[in-house]
Amino acid sequence: MNLTDALQVAIAEEVAAMGVGHRELAAAAAALSRRYRGPGPATGAAWTDADVAAYLVTRLPATWAATAAALSAVAAARPAWRPCTVLDVGGGPGTVLWAATRVWGSLVRATVVERDARMLAMGRRLAQRAPQPVVRDALWVASDVTRGDGGPSADLVVAAYVLGELPAAARPTFIRRLVTAATVLVVVEPGTPDGSARVLAARDVALAAGGRTMAPCPHDGACPLAAPDWCHFAARVARTKLHRQLKGGQAPYEDEKFSYGAWASDGMGCEQPVPGRVLRHPRIDPGRITLTVCTVGGTSTEVVTTRDRAAFKAARKVTSGGTWPPTAGDR
Ligand SMILES: C[S@@+](CC[C@H](N)C(=O)[O-])C[C@H]1O[C@@H](n2cnc3c(N)ncnc32)[C@H](O)[C@@H]1O
């Protein structure tokens, strides 16, 4: 899924209006990459104008695509669910608002909690350009989510790419609070071993607090993946010309690896339980596709051959994060 036209235009115009020089922007983009690839929490430092501009160009499209993919999995698990309110914690430039409104047209009230003044101001400016009134009218709360106002309860609460920025000791309380504030809580993190471990730890807290898994796991049991394996998926994102200039390379797209978890606290679970979730990119050999699938019974290897034409056709379409076996609609 790619950014909506309105968000792309808003980013391009806001970044141009900031007047950050190309060299400064490139240096900020490189620093951002180091900040988020390094081990441990990327906590603390206030965002400069160059950081914010670099984030909009080089990171927001990827965090938007990952979040939209995670939210789409929730929507697939509960097709009849129509959330009215959304809370975006550690919202930065409001990425979640734009992704959530792409997935659910039912949202009517949005709140973003963000501690950094520059990020928050940028999020507000971008939001003013949104076609959806719910984004334009969002309430922006300047607060540290580990201390002050964590925001109001909401049908949908999303913490995207923020858990890794919080001190490790603050995370369990943070997740416990969000689970009780949400009908459905979604946590998205980078698809690294560290990011996946943070999601797993959040999963333990969310389930202990009464949450039930919506996605990606097809069960509430122990995760069957053992190190060095880790649970992650990929979202393909188109790269703009400026993105390619700042991050190098000519590829017209990049694959954002992400880990996520979604838990419902209304005791309802999934309307459409997932029999199995495809992990990793399917291996394709002539006449044969091999899938690694997470199921209630653990991970399994499914080999699909051309002998079952319908299954083979479905296996050619499925990607990591998809469900298996296919439902009637997937065939
Ligand atoms: C990597 S950005 C993610 C932004 C957005 N959620 C996204 O997915 O693009 C993390 C954001 O969380 C904010 N943040 C980090 N720690 C926070 C805290 N304790 N309270 C509120 N915001 C925080 C940062 O200022 C930053 O804007």
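Rules behind the numbers
- Residues numbered from 1 in each chain as written.
- Predicted model: local features only at pLDDT ≥ 70, side-chain atom pairs only at ≥ 80, totals over all residues.
- Helix = DSSP H or I, 4+ residues; strand = E, 2+ residues; numbered from the N terminus.
- Buried ≥ 20, exposed ≤ 12 C-beta atoms within 10 Å, placed from the backbone.
- Pairing = 2+ DSSP bridges.
- Near = placed C-beta within 6 Å.
- Nonpolar A, V, L, I, M, F, W, Y, C, P; charged D, E, K, R; others polar.
- Axes fitted to C-alpha atoms, helices over the stretch in contact; angles between N-to-C directions.
- Parallel < 35°, antiparallel > 145°, perpendicular 65-115°, else oblique.
- Left-handed = near helix turned anticlockwise from the far one by under 90°.
- Contact = placed C-beta atoms within 7 Å.
- Core = buried A, V, L, I, M, F, W, Y, C linked by C-beta atoms within 7 Å.
- Expected span 1.5 Å × (residues − 1).
- Arc of directions from axis to C-beta.

**A few points about the overall build of the protein**
Then comes step 1: Across its full length, the protein holds 10 helices and 11 strands.
Then comes step 2: Dimensions of the protein along its principal axes, counting C-alpha atoms only, are 60 × 45 × 35 Å.
Then comes step 3: Burial statistics for the protein: of 331 residues in total, 45% are counted as buried.

**Quick word on the pairing of strand 10 (residues 288-295)**
Then comes step 1: Alignment of strand 9 (residues 276-285) against strand 10, held across 7 bridges, turns out to be antiparallel. Residue pairing across strands places Arg277 opposite Cys294, the latter belonging to strand 10.
Then comes step 2: Here strand 9 hands over to strand 10 after 2 residues, with Gly287 in that stretch at a positive phi of 75 degrees.
Then comes step 3: Relative to strand 11 (residues 298-305), strand 10 is paired through 8 bridges, and the arrangement is antiparallel. Note that in strand 11 the partner of Leu291 across the bridge is Glu302.
Then comes step 4: The loop that links strand 10 with its antiparallel partner strand 11 comprises 2 residues.

**With respect to the pairing of strand 4 (residues 154-160)**
Then comes step 1: Summarising burial for strand 4: 6 of the 7 residues are buried, a large majority.
Then comes step 2: As paired strands, strand 1 (residues 85-89) and strand 4 are joined by 4 bridges and run parallel to one another. Each residue of the ladder has a partner; that of Val86, found in strand 4, is Leu156.
Then comes step 3: Inspection of the sheet shows strand 4 paired to strand 5 (residues 182-190) by 6 bridges, in the parallel sense. From the neighbouring strand, Val157 faces strand 5, where its bridge partner is Leu185.

**Re the site of the ligand**
Then comes step 1: The ligand sits among 21 residues. The nearest are Gly90, Gly92, Thr95, Arg115 and Ala160.
Then comes step 2: Mapped by element, the contributors of at least two residues to the shell around the ligand are helix 3 (49-77), helix 4 (95-103) and strand 2 (109-114).
Then comes step 3: When residues of the shell around the ligand are assigned to their parent elements, the largest contribution, 3 residues, is made by helix 3.
Then comes step 4: When its residues are assigned to classes, the shell around the ligand shows 9 nonpolar, 7 polar and 5 charged.

**Quick look at the packing of helix 3 against helix 4**
Then comes step 1: Axis separation between helix 3 and helix 4 bottoms out at 9 Å; the angle between their running directions is 40 degrees. Our classification of the angle between helix 3 and helix 4 gives oblique. The crossing of helix 3 and helix 4 is right-handed. Mapping the contact onto sequence places Leu60, Thr63, Trp64, Thr67, Ala68, Leu71, Ser72 and Ala75 in helix 3 and Thr95, Val96, Trp98, Ala99, Ala100, Arg102 and Val103 in helix 4.
Then comes step 2: Partitioned by chemical class, the residues of the contact of helix 3 with helix 4 number 10 nonpolar, 4 polar and 1 charged.

**Focus: the nonpolar core**
Then comes step 1: Counting residues in hydrophobic clusters, the biggest one holds 88 residues, and the most contacted among them are Leu185, Val186 and Ala262.
Then comes step 2: Top contributing element to this core by residue count: helix 3, with 19 residues.
Then comes step 3: Discounting chain neighbours no more than four positions away, the residues touching Ala262 are Ala70, Ala73, Val74, Val184, Leu185, Val186, Met214 and Ala215.

**Details of the environment of Val278**
Then comes step 1: As for its placement among the helices and strands, Val278 is situated in strand 9.
Then comes step 2: On the neighbour-count criterion, Val278 (21 C-beta atoms within 10 Å) is buried.
Then comes step 3: Spatially, the C-alpha atoms of Val278 and Thr290 are 10 Å apart, while their sequence positions differ by 12 residues.
Then comes step 4: Those residues in contact with Val278, other than ones at most four positions away along the chain, are Leu291, Val293, Val318, Ser320, Gly321, Gly322 and Trp324.

**Side note on helix 5 (residues 117-128)**
Then comes step 1: End to end, helix 5 covers 17 Å across 12 residues, agreeing with the expected 16 Å (1.5 Å per residue, within 8%).
Then comes step 2: Among the residues making up helix 5, those that are buried are Met119, Leu120, Met122, Gly123, Leu126 and Ala127. Mapping the buried residues of helix 5 onto a view down its axis gives an arc of 165 degrees, with all of them on the same face. Turned more than 90 degrees away from the buried face of helix 5, the exposed residues are Ala117 and Gln128.
Then comes step 3: Buried positions along helix 5 lie against helix 1 (5-18), helix 3, helix 4, strand 2, helix 6 (133-136) and strand 3 (139-142).

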